[in-house]
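# Structural overview
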Amino acid sequence: MVDTMKTPPDLKKYTEEMIAMQDLPPATVELPPLAAIAIISHIQLACRHPHLVDDGVTKIAIHTARQLQNLFSETSETYKVLELGWNPEADILVPEGTEEEPWQQCEEPCERFLQNRGCRCTGYKRAEVVAGDEDINPKTLAAGAAMMYQLQRQLERGGFELDM
């Protein structure tokens, strides 16, 4: 792997590579449905950026996201929710100061947390919080996970980079 800090990219060569890619056959990619949803929603979010240039690359990204969206049935709720992401009028705006932080929502451990699939509020899995001690009350685990999430957010706001 090339250290890009020592060797900055040659933008002329990059442009040449981009032009050459136009003649290449399409690539085949396998990805889980959740990854497709993540890619689509991130492209939708990027398209909302006020400084986005409406160029060929943007059009390719939108077209690709639309192709991924077509992996889901048009009658599915997933497709319907993804379709809302293309429509700014469908945005649900939350007035500033009224949004609860995730750790304020954890009054009871949810089923997802108890089944080790990730808390709906914090994303923590039971196994990540338990660390080998299976005798801890699930309510205590949920509260602990919420506190860890709060600590992580506070540290990140303070400029610390965490890989938790």
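Check the entry above for the structure.
As a starting point, this report considers the structure included with it.

Analysis parameters
- Residues numbered from 1 in each chain as written.
- Predicted model: local features only at pLDDT ≥ 70, side-chain atom pairs only at ≥ 80, totals over all residues.
- Heavy atoms only, no water.
- Helix = DSSP H or I, 4+ residues; strand = E, 2+ residues; numbered from the N terminus.
- Polar contact = N/O pair within 3.5 Å; in protein donor to acceptor, adjacent residues only side chain to side chain.
- Contact = heavy atoms within 4.5 Å.
- Salt bridge = Lys/Arg side-chain N within 4 Å of Asp/Glu carboxyl O.
- Buried < 20%, exposed > 50% of the residue type's maximum accessible area, 1.4 Å probe, protein only.
- Core = buried A, V, L, I, M, F, W, Y, C linked by side-chain atoms within 4.5 Å.
- Axes fitted to C-alpha atoms, helices over the stretch in contact; angles between N-to-C directions.
- Left-handed = near helix turned anticlockwise from the far one by under 90°.
- Nonpolar A, V, L, I, M, F, W, Y, C, P; charged D, E, K, R; others polar.
- 1 Å grid on protein atoms, 1.4 Å probe; cavity = no way out; pocket = protein on both sides within 12 Å on 5 of 7 lines; lining within 4 Å.
- Points joined across faces, edges and corners; volume = space filled by probe spheres on them.

## Observations concerning the side chain of T58
Looking at the element boundaries, T58 is found in helix α3 (residues 56–69). Separated by 2.8 Å, the side chains of T58 and D55 make a polar contact. If sequence neighbours within four positions are ignored, T58 has contacts with L52 and V53.

## Observations concerning the pattern of salt bridges
In total, this model carries 3 salt bridges according to the counting rule given. For E16, the salt bridge goes to K12, with nearest N and O atoms at 3.5 Å. With E16 and K12 both in helix α1 (residues 11–21), this residue pair falls 4 residues apart, about one helical turn. Taking the relative accessible area as the measure of exposure, E16 reaches 43% and is therefore partly exposed. Its relative accessible area of 61% is what places K12 among the exposed residues. Residues K80 and E77 are paired through a salt bridge, measuring 3.2 Å at the closest nitrogen-oxygen approach. Residue K80 and its partner E77 are both found in helix α4 (residues 77–84); the two are separated by 3 residues, about one turn of the helix.

## Overview of the nonpolar core
Of all hydrophobic cores here, the largest spans 9 residues; its members are A36, I40, I43, A65, L68, F72, Y79, L82 and W86. Among the elements of the structure, α2 (33–47), α3 and α4 are those that each provide at least two residues to this core. Setting aside its immediate chain neighbours within four residues, A36 contacts L31, L68, L71 and F72.

## Some details on the environment of W86
With respect to the helices and strands, W86 occurs in the loop between α4 and α5 (102–105). What makes W86 buried here is its relative accessible area of 18%. Once the C-alpha coordinates of W86 and R48 are considered, the two residues, 38 residues apart in sequence, prove to be 9.2 Å apart. Setting aside residues no more than four positions away along its own chain, W86 makes contact with I40, I43, Q44, R48, I62, A65, R66 and Q69. Reaching out from W86, the side chain makes a polar contact with the side chain of Q69 at a distance of 2.7 Å.

## Regarding the side chain of Q69
Inspection of the secondary structure puts Q69 in helix α3. Judged by its relative accessible area of 0%, Q69 falls in the buried class.

## Describing the packing of α2 against α3
Where α2 contacts α3, the axes come no closer than 9 Å and their chain directions differ by 145°. Seen from above, α2 lies across α3 with left-handed handedness. In this structure, α2 uses A36, I39, I40, I43, Q44 and C47 to contact α3, whose residues at the interface are A61, I62, A65, L68 and Q69. Partitioned by chemical class, the residues of the contact of α2 with α3 number 9 nonpolar, 2 polar and no charged.

## Digging into the layout of surface pockets
Each pocket or cavity is described by its volume, and for the largest pocket that value is around 360 Å³. Taken together, 13 residues line the largest pocket, and the ones lying closest to its centre are M18, M21, Q22, V57 and I60. The set of elements that each furnish at least two residues to the lining of the largest pocket consists of α1 and α3. It is α1 that provides the largest number of residues to the lining of the largest pocket, a total of 5 residues. Tallied by class, residues from the lining of the largest pocket come to 11 nonpolar, 2 polar and no charged.

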